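# What the coordinates show
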Amino acid sequence: MSFQENLRYYREKAGYKQAKDFAEALNIPYSTYTGYEVRNREPKYETLCKIADLLQVSTDDLLGRTTNIVGRKDDELIKKILKNTFDDCFSKSDFPFKLILIDIKKDVLVFNLVDLNENIISEVTLSKDFVIHNINSAEKIIRYRKKYDLFYSLLELSLDTLVENINYLLNDKNLSNKKLKELLDKKEAYIIYQRNVMKKAKYFYDNFLNLYVDENFII
């Protein structure tokens with residue numbers, strides 16, 4: 001996506017629904033800001049950094065160097081994403097329907113919806129903005145899942161370490177009965193604590209992800 005498309009995307013994502021509101025937050029004239037978002041003008045470096053700080057993204061995100069966001073002009077990228085998605089889904093599933101991308105036009109995408117059981121093919125037209133929005137939402141959810149999976153595994157490993165430290169102390173053959181009981185009680189408490197923490201972490205993830213999907217996907 002272009003800088004202009006990224007700027008608008010991240011502005012709206014940050015809650016600035018109107019360009020005028022964001023211009024006020026930047027403390028610059030509205031006409032100056034719309035030049036960045038509409039008329040292909042680029043801000044000075046200091047202004048670019050201020051924009052990035054307000055939107056809580058990097059300058060590389062705004063300039064399109066790191067983002068996976070798909071724009072209206074990215075027809076080839078849309079084709080590639082949809083092809084890879086459909087290939088993965090339909091090669092590993094017995095689902096009796098298939099979607100085949102036929103054409104990408106200015107404002108719509110044309111698909112063939114194939115009913116394999118009834119041997120029926122129907123042409124379906126979807127809004128280009130609709131498809132792009134859901135592609136970008138899916139990409140964000142994938143990135144969120146990767147971050148959560150990393151956090152979840154490190155959290156579990158950290159809690160495992162607490163138990164392993166107790167196991168190491170239990171190897172001491174010179175422990176008194178009192179100390180042994182203290183360590184065993186502590187180990188049991190850590191195991192219960194670990195179980196509760198991981199349960200809460202999974203509950204948070206499941207509920208947050210469902211909420212995120214509800215808020216970001218257009219169905």
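As the structure is a prediction and not an experimental result, all values here were calculated from the model.

## A short note on unusual backbone geometry
The bulk of non-glycine residues show a negative phi, and the bulk of peptide bonds are trans. In this model, Asn40 sits at a positive phi of 60 degrees, which is unusual for a non-glycine residue. Within the secondary structure, Asn40 sits in the loop between helix 3 (30-37) and helix 4 (45-55). One non-glycine residue, Gln56, lies in positive phi territory at about 60 degrees. Along the polypeptide, Gln56 turns up in the loop between helix 4 and helix 5 (59-63). Its relative accessible area of 73% is what places Gln56 among the exposed residues.

## Some points on the pairing of strand 1 (residues 97-104)
Sheet topology note: the strand 1/strand 2 (residues 108-115) ladder contains seven bridges and is antiparallel. Looking at strand 2, one finds that Lys98 is bridged to Val114. Remark: three residues form the turn of the hairpin made by strand 1 and strand 2, two consecutive strands paired antiparallel.

## Some details on a nonpolar patch on the surface
On the surface, Leu150, Leu154 and Leu157 cluster together into a nonpolar patch covering about 300 Å² of accessible area. With respect to the helices, strands and loops of the structure, Leu150 is situated in helix 7 (residues 128-170). The class for Leu150 is exposed, based on a relative accessible area of 52%.

## So, the pattern of salt bridges
All told, the structure shown has six salt bridges when counted by the stated rule. For Arg11, the salt bridge goes to Glu37, with nearest N and O atoms at 2.7 Å. Remark: Glu37 occurs in helix 3 and Arg11 occurs in helix 1 (residues 3-13); sequence separation between them is 26 residues. For the pair formed by Arg11 and Glu37, the shared burial category is buried. With a closest N to O distance of 2.8 Å, Lys128 and Asp75 form a salt bridge.

Analysis parameters
- Residues numbered from 1 in each chain as written.
- Predicted model: local features only at pLDDT ≥ 70, side-chain atom pairs only at ≥ 80, totals over all residues.
- Heavy atoms only, no water.
- Helix = DSSP H or I, 4+ residues; strand = E, 2+ residues; numbered from the N terminus.
- Buried < 20%, exposed > 50% of the residue type's maximum accessible area, 1.4 Å probe, protein only.
- Pairing = 2+ DSSP bridges.
- Patch = residues over 30% accessible without salt bridge, like charges linked within 9 Å, V, L, I, M, F, W, Y side chains within 5 Å.
- Areas by Shrake-Rupley, 256 points an atom, 1.4 Å probe, with all protein chains shown as cover.
- Salt bridge = Lys/Arg side-chain N within 4 Å of Asp/Glu carboxyl O.

These values are about where atoms sit, not about what they do.
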